[in-house]
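What the coordinates show
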Amino acid sequence: MTAAYLIVENGPLAGKRVELTERTIRLGSRDADFVVDDRHVSRRHAEITWEGGDHYVADLGSRNGTLLNGRKLQAGQAIRLCDGDRITLARVRDLRFHSSASDSPSPVPILVDEAAEAKSSSTVQSKVEVNFNSAAMSAAVGAEVKLRVLFDITRELGRTLTLDTVLPKVLEGLFKVFPQADRGFVVLADERGGLVPRWTRARNPGEDSIRISQTIVRRVLESKHAELLKDFPRDASDSLRGIRAAVCAPLLDSGGDAIGVIQLDTLNQRKTFLQEDLELLACVAIQAGMTIENAQFHEWAMRRKELELDLELANEVQQAFLPKSPPSIAGYDFYAYYRPAVLVGGDYYDYVELPDGRTAIIVADVAGKRLAAAMVMARVSAEAKFCLAAEGRPGAALNKLNDRLCGLEVDRFVTMVLLVLDPRTHRVTIVNAGHMPPLWRRFDGSVEKLGAALSGIALGIIPQQQYRETTITLAPGESLTLYTDGVTDARDADGRDYQSHRVLGHVQAGGGVQDLGQAIIDDVDHFMGDHPQADDICLVCLGRRVPWKEI
């Protein structure tokens, strides 16, 4: 079996080496050969297998997915690993795959913070400010072969799109330029200000690790000056021990901000770096920094595209949870409208036919938006059906639903209004859990906010709640209008809210529920104009028709 291992690149186990000595190594938060203690990582998340002389990685149907070099793996699909590949579990833990069979040695990077040790000091022989005018420095480098290799590096960088292609090419080219270099590495800064070693190279195949000085890296990052370092003390800290000379240059993005560093060092006391070497490395660092930024943007664009595809699929799934058609109840009309702020959302409505001939009408709003809220909404939808089937009374059903949602320990609350219509008696029982009260338009044109005084707290916050019911009889020509705050909180270009009085005005105007519902939605859209929709919009209207003989 080819010797191979993983290096944990972030989190509490950063720097840990995981030997791949078995034919199958399972990764997960529990019941795994290597445990990654993070709530986003599934119990059985992914596995690495050895077959036919190669190692393969496969996602095991994890909840939050597995990425290989930024690309999401399909569950159960085994992908061959190459030296330097980055495996990401649930977008929170990065593992770097290394194989000793690789032609390009990649020693394990280990970040060391030796700032407190006085023995760690070295002499900064010279500095070069790195900026976009530094291209002129290349004229100071007289060696034609170095300039030729610099040109080759620049040309190759222009062809690359991914970081895992860019970084090895940079180091490979620099080892040709600087024969005195024994080791090299690239460290990038993450969005939280941490340091992430992304690639290493050693001229000696037996070099199994590189200890990196955080002090030097952070100093170069903050100053944006390339440094030529010499005179390292023999009793220096672990990260500097054995180094005789080094050159370290910042990597700048298009805005001139430092996004990382590139460093070369030599362990041979008869070899060193000169001022012209520092200037040449600074030139390469400028081009490399721009290319790394482009590669990061490319990876971000790929992740965004994958997310958009995931959202489109989630939208299809969410639409499947919504009713395909309104209830067919003699003498009643229904109107329903749902539009998420993005492809998926946390609002929902449903019609649930009960065994005794009654029909439940639900409008709910899960706190938040996007995919997380949509996932909770899907669970709420299923749980609501179960509770309605298990409990005869609407209040008891909401009590049970609240307890079940509290038991899930999901950091999301849900507002909900539940109506149960008995078409035989035309009685409607209402239970409200922190939602806007339904608007009851009576036959005389008056409008009442139904059951506002009896509303309980939102679901999923405090267990053992007792939700109270209120019951009305819906007369011919009367209607009920239910909606979420995405309607009333819709904003125009000046930042003004649509507000509930506009909804109330449409309800007071009367008419059939189809015309009423469409009038509200049309007015909301006209009010917003070109201003983007900020919250999910859900609206349900139901009304009892007037028999022809009463007209």
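In this report, we go over the structure that sits alongside the text. (Residues numbered from 1 in each chain as written. Predicted model: local features only at pLDDT ≥ 70, side-chain atom pairs only at ≥ 80, totals over all residues. Heavy atoms only, no water.)

Quick look at the sheet that holds strand β4 (residues 34-35)
Applicable threshold: When DSSP finds two or more bridges between two strands, those strands count as paired. Helix numbering and strand numbering both begin at the N terminus, where a helix is a DSSP run of H or I of at least 4 residues and a strand a DSSP run of E of at least 2.
Spatially, the five strands line up as an open sheet ordered β4-β3-β5-β6-β9, and their pairing is mixed. Lying at the two open borders of the sheet, with one neighbouring strand each, are β4 and β9 (79-80). As judged from the two bridges shared by strand β6 (residues 54-59) and β9, these two strands associate in the antiparallel manner. In the sheet register, Y56 faces β9, and the bridge partner there is R80.

Considerations on the packing of helix α8 (residues 500-509) against helix α9 (residues 513-528)
Put simply, the rule reads: Axes here refer to lines fitted to C-alpha atoms; in helices the fit is confined to the stretch in contact. Angles between the N-to-C directions go from 0 to 180 degrees. In this scheme the handedness of a crossing depends on how the near helix is turned from the far one: anticlockwise by less than a right angle means left-handed, clockwise means right-handed. Contacts are residue-level and defined by heavy atoms, with any inter-residue pair within 4.5 Å sufficient. Basically, the charged four are Asp, Glu, Lys and Arg, the nonpolar ten are Ala, Val, Leu, Ile, Met, Phe, Trp, Tyr, Cys and Pro, and anything else, Gly included, counts as polar.
The contact between α8 and α9 brings their axes to 10 Å, and the two run at 145°. Relative to α9, the crossing made by α8 is right-handed. The segment α8 lies against α9, with R502, V503, H506 and V507 engaging L516, A519, I520, D523 and F527. Here the residues of the contact of α8 with α9 are counted per class, giving six nonpolar, one polar and two charged.

Regarding the nonpolar core
Worth spelling out the cut-off: The nonpolar core is taken to be a set of buried Ala, Val, Leu, Ile, Met, Phe, Trp, Tyr and Cys residues, with the residues joined through side-chain atoms within 4.5 Å. Buried residues are those whose accessible area, probed at 1.4 Å on protein chains only, stays under 20% of the maximum for their type, while exposed residues exceed 50% and partly exposed ones sit between those limits.
In terms of nonpolar packing, the biggest core is built from 49 residues, with Y348, I362, L398, M416, L419, L459 and L480 touching the most fellow members. For M416, the residues in contact, after removing those within four places along its chain, are Y348, I362, V363, A364, V380, L398, L401, V431, N432, A433, H435 and L459.

Brief notes about the pattern of salt bridges
For side chains of opposite charge, pairing can occur when their charged atoms come near one another. Spelled out, the test is: The salt bridge definition used is simple: a Lys or Arg side-chain nitrogen within 4 Å of an Asp or Glu carboxyl oxygen.
Within this structure, the stated rule accounts for 19 salt bridges. The partner of D31 in a salt bridge is R43, and the shortest N-O contact between them spans 2.6 Å. Placement of D31 in the loop between β3 (24-28) and β4 and of R43 in the loop between β4 and β5 (46-51) is noted, with a sequence separation of 12 residues between them. Classification of D31 as exposed rests on a relative accessible area of 55%. Notably, a salt bridge pairs D333 with R545, separated by 2.5 Å at the nearest N-O pair. Of this pair, D333 sits in strand β20 (residues 332-339) while R545 is found in the segment after β29 (537-544), placing the two residues 212 residues apart along the sequence. Classification of R545 by relative accessible area gives partly exposed; the value is 40%. Through salt bridges that share partners, R379, E383 and R404 make up one connected network.

Side note on the sheet that holds strand β26 (residues 447-449)
The antiparallel open sheet is built from five strands, whose spatial order is β20-β29-β28-β25-β26. The strands lining the two open edges of the sheet, one partner per strand, are β20 and β26. Put simply, the sheet's adjacent strands are angled 15° from each other on average, direction ignored. Two elements, β20 and β29, share eight bridges in a ladder whose sense is antiparallel. Paired with Y332 across the two strands is R544, which belongs to β29.

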